[in-house]
Structures are given as structure tokens and as C-alpha cells.
Amino acid sequence: MASESNDLHGMVPDSNDTVLLLIDVINHLDFPGNEELLPIAEEIGKRIAKLKEAAHKAGIPVVYVNDNFGRWTSDFHNVIEYVINENKPGKPLAQLLQPGPDDYFVLKPKHSAFYCTPLDILLNHLDAETIILAGFAGNICVLFTANDAYMRNLKLIVPSDCIGSNTVEENNICLEQMQKLLKADIRPSDEIIKEINQMPKNEKTEAQRAQKPKKVMKK
């Protein structure tokens, strides 16, 4: 069995209060019950692309956290090729949201992004306080990741129009849960982007980071 790597596949910035996590946006979308999701996935992807562009301009790290679809010998680039070259239903979404040279990526073995040791390492290194979540499926991987982030005392932003689930009803329920139980900000992406555009870049010194109390898991 291949050992888990702690490599974040790129030069990680010294610090940043905010991180954008893109959950399973490179997605084949080839599964039972996808009838409601497929027609709207690309539109969701376009809003995610705008969110990602705003994050880049603000200096916010963008991290792709992706399923490997059972292809345990694959790296992330192989997953992208699998979705695009085999003409899976998620091909347009994958083409729209392919990672750029300044993006980071990890493959997750289970639903929550926090099953990835490299992600915890990255967030600790950045001393992140806020994570923005976008992607699929809202009621599974995004929700599980949001729950784990909340347990780590991280502030949550989940733009309501940047996640998708198999059905609109399931999506609305999970958004309500994240807002009510996890204190997530679920305003639509245009409002979040306006705030990102006004954000000053926040680069802490090593001394400032060392003085900050360590985060603790909620009981």
C-alpha cells in the first residue's frame, strides 16, 4: 500500500487567515440519482470559478480536495484525465474548474476533507481561521467537511449557490443544517465575492503566529 504523502504539491504561503476548499469539483457525476444535479452542475461550476478567481486576486490559497473514485493508484492529474478523456457526464465541469499552477490539491480517502493529513498540515501552517467551502455533494462531502471544520473551531463560509446535491431538497436541508448547527455563513457567492474583493492581504509574522493560542477540538 502506498504511504500517505504530506506534500501539498506546491509552495505553501507563510500564512493566511482564509482558505478556499473546492470539494470534489473534478467529478465524473456518473452515479444513480444524478438527474437533478446534472442540468445545474455547470452553472454551479461557473459560480465556483468566479469565487476561485476572487480568491486568487485576494491571495487566498485554493485547495482542491478530491475523491479518487476508487482509483487508488491515481494521482490528481490522472483523476482529471479520467473524467475528461473518458467523456464522463462531469467532463464540462472538470474542464471549467481544472486547477491552475498556483492551486494546491490532495486526494481524500473518505467523505470529509479532513481525512487528508496534508490538509490539516496546510491549515495549521497557514494558521487559518476561516474556510470557504464549495463543491459536491453538498449533503455528503461538503457537509462532512463543514462539520469537521467546525470541530476545529474554524469559521465557515459556504456560499449557497456554490454547492450541489443530488436534489434541490437535499441541498436546501444541508444548507439549513450548516447555518443552524455549524454557524456557517451561507450567503450567495456574489455577496461573498464582494467581501473578498475588499479583504486586505493578511500576512502574519512568525512571532505573531507563535503568540496565537493553538486551536483545540470541540468536545
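Refer to the structure above for everything that follows.
These lines cover the structure that appears in this document, whether it is placed above or below.

What counts and how
Residues numbered from 1 in each chain as written. Predicted model: local features only at pLDDT ≥ 70, side-chain atom pairs only at ≥ 80, totals over all residues. Heavy atoms only, no water. Helix = DSSP H or I, 4+ residues; strand = E, 2+ residues; numbered from the N terminus. Buried < 20%, exposed > 50% of the residue type's maximum accessible area, 1.4 Å probe, protein only. Contact = heavy atoms within 4.5 Å. Salt bridge = Lys/Arg side-chain N within 4 Å of Asp/Glu carboxyl O. Polar contact = N/O pair within 3.5 Å; in protein donor to acceptor, adjacent residues only side chain to side chain. Core = buried A, V, L, I, M, F, W, Y, C linked by side-chain atoms within 4.5 Å. Pairing = 2+ DSSP bridges.

Secondary structure assignment for the protein yields eight helices and six strands. Traced from its N-terminal end to its C-terminal end, the protein shows the element sequence β-α-β-α-α-β-α-β-α-β-β-α-α-α. Here the protein holds 219 residues, and the buried ones make up 47% of them. Taking all contacts inside the protein whose residues are at least 6 apart in sequence as the whole, residues at least 24 apart take part in 82%.

Turning our attention to unusual backbone geometry. A cis amide bond links F136 with the next residue in sequence, A137, at an omega value of -20°. As for its placement among the helices and strands, A137 is situated in the loop between β4 (130-136) and α5 (138-151). Located in the positive-phi region is N153, a residue other than glycine, with phi close to 65°. You can see N153 is positioned in the loop between α5 and β5 (155-157). In this structure, K183 takes a positive phi of about 60° despite not being glycine. On the accessibility criterion, K183 (59% relative accessible area) is exposed.

On to the environment of L37. With respect to the element layout, L37 can be found in the loop between β1 (18-23) and α1 (38-57). The exposure class assigned to L37 is buried, which follows from its relative accessible area of 1%. For the pair L37 and S165, spaced 128 residues apart in sequence, the C-alpha separation works out to 6.4 Å. Residues contacting L37, with those up to four places away along its chain left out, are L29, F31, F136, G164, S165 and N166.

Using the criterion set out here, one finds seven salt bridges in the structure. Where E191 meets R187, a salt bridge forms, and the shortest distance between an N and an O atom there is 3.9 Å. A residue is classified by how much of its surface remains accessible, and E191, at 35% relative accessible area, is partly exposed. Exposure remark for R187: the relative accessible area of 27% places this residue in the partly exposed category. One continuous salt-bridge network, built from bridges that share partners, spans D185, R187, E191 and E195.

Tracing the chain through its elements places D103 in the loop between α3 (91-96) and β3 (104-108). Within the structure, D103 has its side chain in polar contact with the side chain of K52 (distance 2.9 Å). Engagement of the side chain of D103 in a polar contact is seen with the backbone nitrogen of G100, the distance being 2.6 Å.

Looking at soluble globular proteins, one finds that nonpolar side chains tend to be buried together. Core analysis: the largest hydrophobic core is formed by 32 residues, its most contacted members being L20, L22, V25, I26, I48, L51 and I196. The element that contributes the greatest number of residues to this core is α1, accounting for six residues. When sequence neighbours within four positions are dropped, the list of residues in contact with L22 reads I48, K52, V62, V63, Y64, V65 and A134. In this structure, I23, Y104, A149 and L154 belong to the second largest nonpolar core, which totals 26 residues.

This part takes up the pairing of β1. Most of β1 is tucked away, with six of its six residues classed as buried. Burial along β1 is two-sided: the face carrying T18, L20 and L22 and the face carrying V19, L21 and I23 are both buried. As paired strands, β1 and β4 are joined by six bridges and run parallel to one another. Considered in β4, the bridge of L21 is made with L133. Alignment of β1 against strand β2 (residues 62-67), held across four bridges, turns out to be parallel. Following the sheet pairing, L21 is matched in β2 by V63.

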